[in-house]
Amino acid sequence: MFSFRQSSPVVLGPGVRFLVFTQGCGMRCLFCSNPDTWTISGGEMVSSKEIAAQIRSVAPYLKPQGGGVTCSGGEPLLQPDFVSAIFQEAHAMGLTTCLDTTGQGSKHHHWDKVLPVTDMVLFCIKSLDPQRYTDLTGLKQQGALRFAAELKAQGIPFWLRYVLMPGMTDAPGDIDKLTEFALQQPSLQGIELLPYHQLGVNKWHALGIKYPLEKMQPPPLADTLAVVDRLEAAGLNVICDAKRLRREAAAKEAAASAAAASANAAKEASG
């Protein structure tokens, strides 16, 4: 499955991106937005050459501002030969490559095939607490930490994605662990803080699977901004939509104050 869209600098990678979504994921995250990608057999069968032909047809639109190809999923590392072939084709066209991953697989069977042709990684760490990581994903945390070590060893630029979940990943101790981990990553570009949402719940229902977090609500804006401020105070670059909402609220308040001041001045002048 693939699509073509404009990206922000982090959400999908730089510039305009051609997105390739792969089927198959070894995790069973409690908050997964795409449970329809879990099984390897659920997608459309397509070859890397077919994808490359599609990319080539829009390559002139992708090249400006460092645009290119992003592979997401599911877990793209579970199809390493396919993803590697697509990335090699992209490089041959002068396009950048970006891997959206949770770091599944192993060094020799997966990472060594994909990372040498990867320009940037979007790495979702889920949780820095080992038990919480397992509770959330069904997998052990060691694999993700080994993947992070591989990114560090190869010096591959990456953004760390972190889902802020009330009562599960938002405690002060959780943010302390996230901060400590992030500050130890020399090729880290920053953190993309993602407040929990329920946008994928309908997919669970459509598949006849009970959604385990029915009662969980997104974190309040103030709580999200408090985490943003803590991370930025530690010297980390943070992207989060809550920052935009804060700017918009401040601008609206300033405009309202200016309007009130203008109205008062007009009233005094006329009186």
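Note that this is a predicted model, so its numbers are computed, not measured.

Rules of the game
Residues numbered from 1 in each chain as written. Predicted model: local features only at pLDDT ≥ 70, side-chain atom pairs only at ≥ 80, totals over all residues. Heavy atoms only, no water. Helix = DSSP H or I, 4+ residues; strand = E, 2+ residues; numbered from the N terminus. Expected span 1.5 Å × (residues − 1). Buried < 20%, exposed > 50% of the residue type's maximum accessible area, 1.4 Å probe, protein only. Arc of directions from axis to C-beta. Contact = heavy atoms within 4.5 Å. pLDDT = per-residue confidence, 0-100. Salt bridge = Lys/Arg side-chain N within 4 Å of Asp/Glu carboxyl O. Axes fitted to C-alpha atoms, helices over the stretch in contact; angles between N-to-C directions. Parallel < 35°, antiparallel > 145°, perpendicular 65-115°, else oblique. Nonpolar A, V, L, I, M, F, W, Y, C, P; charged D, E, K, R; others polar. Phe/Tyr/Trp six-rings, centres within 6.5 Å; stacked < 30°, edge-to-face > 60°.

A. Summary view of helix 5 (residues 142-154). Spanning 13 residues, helix 5 covers 18 Å between terminal C-alpha atoms, matching the ideal 18 Å at 1.5 Å per step. Of the residues making up helix 5, those classed as buried are Gly143, Ala144, Phe147, Ala148, Glu150 and Leu151. For helix 5, the arc enclosing every buried residue in end-on projection is 155°, short of the 170-degree limit, so these residues lie on one face. Among the exposed residues of helix 5, those pointing more than 90 degrees away from its buried face are Arg146 and Ala153. Each element contacted by the buried residues of helix 5 is listed here: strand 4 (96-101), helix 3 (107-114), strand 5 (120-124), helix 4 (130-137), strand 6 (158-164) and helix 6 (172-183). Once helix 5 ends, the next one or two residues include Gly155, with phi positive near 65°.

B. Focus on the confidence of the model for the protein chain. In the predicted model, the protein chain carries a mean pLDDT of 92, and 96% of its residues have values of at least 70. Averaged pLDDT values for the elements of the protein chain fall to 43 in strand 1 (residues 2-6) and rise to 98 in helix 6. Segment residues 1-10 is flagged for pLDDT under 50; beyond a separation of four residues in sequence, or across chains, it makes 37 contacts in the model.

C. Quick peek at the pattern of salt bridges. Applying the stated criterion across every chain yields a total of 14 salt bridges. Ionic pairing is found between Asp112 and Lys107, a salt bridge with its closest N-O pair at 3.1 Å. Of the charged contacts, one joins Asp241 and Arg244 as a salt bridge, the two residues approaching to 2.7 Å between their closest N and O atoms. Of this pair, Asp241 and Arg244 both sit in helix 9 (residues 241-270), 3 residues apart, roughly one helical turn.

D. Seen up close, the environment of Leu178. Position of Leu178 relative to the elements: it lies in helix 6. Every residue in contact with Leu178, bar those within four places of it in the chain, is listed here: Leu128, Leu160, Tyr162, Ile191 and Leu231.

E. A look at the packing of helix 2 (residues 80-92) against helix 3. Here helix 2 crosses helix 3 at 10°, and the two axes come no closer than 8 Å. Relative to helix 3, the element helix 2 lies roughly parallel. When helix 2 is examined against helix 3, the residues Pro80, Asp81, Val83, Ser84 and Phe87 are found in contact with a partner set consisting of His109, His110, Lys113 and Val114. Class assignment for the residues of the contact of helix 2 with helix 3 results in 4 nonpolar, 3 polar and 2 charged.

F. Local environment of the packing of aromatic side chains. All told, the structure shown has 5 aromatic pairs when counted by the stated rule. Taking 5.1 Å as the distance between ring centres and 80° as the angle between the ring planes, the aromatic pair formed by Trp204 and Tyr211 counts as edge-to-face. Given a relative accessible area of 4%, Trp204 falls into the buried group. An aromatic cluster is defined as three or more aromatic residues linked by ring pairs; in this entry it consists of Trp111, Phe123, Phe147 and Phe158.

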